[in-house]
Every structure is written in structure tokens, then in C-alpha cells.
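The residues making up each chain are set out below.
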Amino acid sequence: MSDSSEIRTSDSDDEFIMDMLYHLPRPRLFRGRSNPLEEFDEFDFKCRFRLSKESFGVLMHLIVQDVKHETKRNVALSPEVQVLITLRYYATGTFQAVIGDHIRVNKSTVCRTIKRVSTAIARLYPQFINMPRTAHERSIVQTGFYKTRNFPRVIGAIDCTHIRIQSPNSDIGERFRNRKGYFSFNVQVICNSNMEIMNIVSRWPGSVHDSTIFDNSLVRAKFENHEYGNNVFLIGDGGYPCRNYLMTPLLNTSTQAEENYQRAHIATRNVIERIFGVWKRRFPVLAVGILTQLSTSMKTIVATAVLYNMLLQQRDEMPHNEEPIRPEFLHEFNANPIRQTGNLVRHNLLERLAILLA
């Protein structure tokens, strides 16, 4: 009898030990990490990470101190590997486990790295994204727009684009569902005629209208306070109100002057539409969807805008034979017309354009 009790006790102990071993955390596995800087030539590196090795060096110089780990314990990732992981995520938008398999690091490490590096790049915003601050800078921007289609005094083209995200899975989730049915941020961008981003607002849910984002933006307050000077314009689509400083298209045209205004307006504003296409093709994560927490997603949007401007300044173009993004990911929404309040200024402007374009 005692022998059978001892056997049952021994079996229970074995089960208890096996259960404990099963629930213990898995031991960390440090795998040999690849070095894409050495593995790929210039062309393959640019295709996979969306920038040249030279531009990568410039970026590293700007953020190395922000991403460098202060310890070498636990085989800490080097700054170069951290930035490469993040760039690869921007270039694919794929699952973080896949990125980890490519660089040979754990998925959780990839998640932390993307947040860390995106924050560091987003901090470069004041260095690469700015509205024209002086009269001379404004004159340069106005001249660039005027050369496009003789539209005078324009210092920026404004529009919004939807950046796909995963469902927030919370009480605020439905605020991010846009009128096309998917979850997104509605991101406001202002650009110049050289396709440079001069201002970006990336914190609004996809259900918010373009005009609401503008009405609550700092740039609107600055225009109304005449901080950009007098008699200067933004140019936007019908989703914005027509104001003394914001010119929008006409709903209907009946005279030659109105036709001239409409054609000049469309041709001048086209640059912002082209930026959205180039920006999303450069960093496909913006088109296929950002799979991170909301705070990290906002930083990712700003970080890719900073990189976009930096690479534009570096004249770092993408290869022409890259695989295209499916057209549905690049589709922009048509604007919903709203009430216009700056019709008198617009009427005076179209009369002037009738003379210039006659």
C-alpha cells in the first residue's frame, strides 16, 4: 500500500515539475545577425531599404546618438542595425516577425527598435520640414508656383491623405474608420512647387473631415495672424473653405475668366497629389498599412515625411524598375464640397488671372 502511494506521489511530482518547465519563459536565442551593408550592392540595398548607402550614412550621422545603446550587455543592437530594421519596415509594411527573420532578431526587438528609431527620425522635423519663414523664402516659393501656371502669391498647396493602420481595438476604434470603411489617419500636408513637404499634421483619425483638421491646425492660426505676410495664399481642393488666404476651385464655371482660374488652380494644386503618390511609393508601409500602436504609427508617418524631404535634398531617387504598389492602395478620396466664405477674394483673383492668361 505504501509502495503505490509512493508511486502516485512520484508521478505527481513529475507532473508538477514538467508543468513548471513548460511555463518557464523560453531562453533567449542570440543568432548571428546579418549585415545588409556588406551583403548587398548599391542597387539591391536601395531597392530593399529605399535609400542609397550614402544617404544611409547621412541619416546615421544625424541620429546615431539618439539610437545608440549605452551598454554592450545582452548583445545590444548596433545603431546601424536598428536603423536598417526600421527602414526595412518602412519599405515593406510587413509583419514584424518577418523583418526579424530577415535581420535575425526577435519580433519584440523589432517592435521596440521601430519605435525607438522612428522617434529619433521624427525629432529631425524642425531641420527638414518648415514653412517659409522669411520674405525671401516666401518669394522663392511663390515664384516656383507662379512658373507652374501663372497662379500668383501661392506659398503652399494643401490636402489630406489617408494612411492605413490596423484597427485600434478599443473604444475609440470606430473614430479611425474612414468613409471607405478601413481604419486610417487623415494626414494633412502642405507642400511647395518642388514637391517638398513644408508642414504635416498626422494625429487625426480617418473619420475627421479635411476642413476640421485645418481649422484646428497651428498653420491656420498663423495665416489668420498674418505671420506669413499679407496677400499670400494656400491652394486647396473643394474640401476646404474658400477664405482670404485659402483659394479653392469653383463649383461651376460660366465665363472665360472662371475657366482660366479653374485650369490654373488645378494645374498648380496637382503637385500635392503627386507628392502623396511618390511618398507612398517610396515608403510602402504608408500604403499597405502601419501595424503598430497608434503613438508609434504617428511617429512613423512623420519620420517617413522627414526621410522623404531628406532624400529629396540628397537627390536620392528610387530605381525605375522597382515593383509597383497596387493602385487601390494609392487611391485618394474625392473632396466633399463645403460652404465657401472667401468668394470676393477669389473673384478678384480670377479677374486678374483672366488678364495674365489672355
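What counts and how
- Residues numbered from 1 in each chain as written.
- Predicted model: local features only at pLDDT ≥ 70, side-chain atom pairs only at ≥ 80, totals over all residues.
- Heavy atoms only, no water.
- Helix = DSSP H or I, 4+ residues; strand = E, 2+ residues; numbered from the N terminus.
- Buried < 20%, exposed > 50% of the residue type's maximum accessible area, 1.4 Å probe, protein only.
- Contact = heavy atoms within 4.5 Å.
- Axes fitted to C-alpha atoms, helices over the stretch in contact; angles between N-to-C directions.
- Parallel < 35°, antiparallel > 145°, perpendicular 65-115°, else oblique.
- Left-handed = near helix turned anticlockwise from the far one by under 90°.
- Nonpolar A, V, L, I, M, F, W, Y, C, P; charged D, E, K, R; others polar.
- Phe/Tyr/Trp six-rings, centres within 6.5 Å; stacked < 30°, edge-to-face > 60°.
- Pairing = 2+ DSSP bridges.
- Bend = angle between axes of the 7 residues up to and from the residue.

This part covers the side chain of Ser52. For Ser52, the position within the fold is in the loop between helix H3 (42-49) and helix H4 (53-67). When its relative accessible area of 9% is taken as the criterion, Ser52 is described as buried. Setting aside chain neighbours within four positions, we find Ser52 in contact with Glu42, Phe45, Lys46 and Asp316.

Here we come to the packing of H4 against helix H5 (residues 79-92). For the pair H4 and H5, interaxial distance at closest approach is 10 Å and the crossing angle is 115°. As far as their axial angle goes, H5 and H4 are roughly perpendicular. Like other packed secondary-structure pairs, H4 and H5 cross with a definite hand, here right-handed. The segment H4 lies against H5, with Phe56, Leu59, Met60, Ile63, Val64 and Val67 engaging Pro79, Glu80, Gln82, Val83, Leu84 and Leu87. Classifying every residue of the contact of H4 with H5 gives ten nonpolar, one polar and one charged.

Under the counting rule described, the total for this entry stands at nine aromatic pairs. Between Phe151 and Tyr261, the aromatic rings sit 5.7 Å apart at their centres with planes inclined by 55°, giving tilted as the arrangement. With Phe151 in the loop between helix H9 (135-149) and strand E1 (154-164) and Tyr261 in helix H12 (residues 256-282), this pair connects stretches of sequence that are 110 residues apart. Relative to Tyr240, the ring of Phe214 lies with its centre 6.1 Å away and its plane at 85°, an arrangement referred to as edge-to-face. With a gap of 26 residues between them, Phe214 in helix H10 (residues 210-215) and Tyr240 in the loop between strand E4 (233-235) and strand E5 (246-247) connect regions that are remote in the sequence. Neither residue differs from the other here; Phe214 and Tyr240 are each classed as buried.

Our focus in this paragraph is the packing of H4 against helix H7 (residues 107-122). Between H4 and H7, the shortest axis-to-axis distance is 9 Å and the interhelical angle comes to 120°. Here H4 lies oblique to H7, going by the angle between them. Our pair here, H4 against H7, has a crossing hand that is right-handed. Judged by residue contacts, Leu59, Ile63, Asp66 and Val67 of H4 engage Arg116, Val117, Ala120 and Ile121 from H7. Of the residues that constitute the contact of H4 with H7, the class distribution is six nonpolar, no polar and two charged.

In terms of burial, strand E2 (residues 184-191) is a largely internal element, eight of the eight residues being buried. Both E1 and E2 contribute to a ladder of eight bridges, which runs antiparallel. Bridge assignment links Ile158 to a residue of E2, and that residue is Ile190. Hairpin connection, E2 to strand E3 (residues 197-205): the antiparallel pair is bridged by five residues, and Met195 has positive phi, about 65°.

To continue, consider H4. The axis of H4 is deflected most strongly, by about 45°, at His61. Buried residues of H4: Ser55, Phe56, Leu59, Met60, Ile63 and Val67, and no others. Residues of H4 that are buried in the fold lie against helix H2 (36-39), H3, H5, H7 and helix H14 (294-313).

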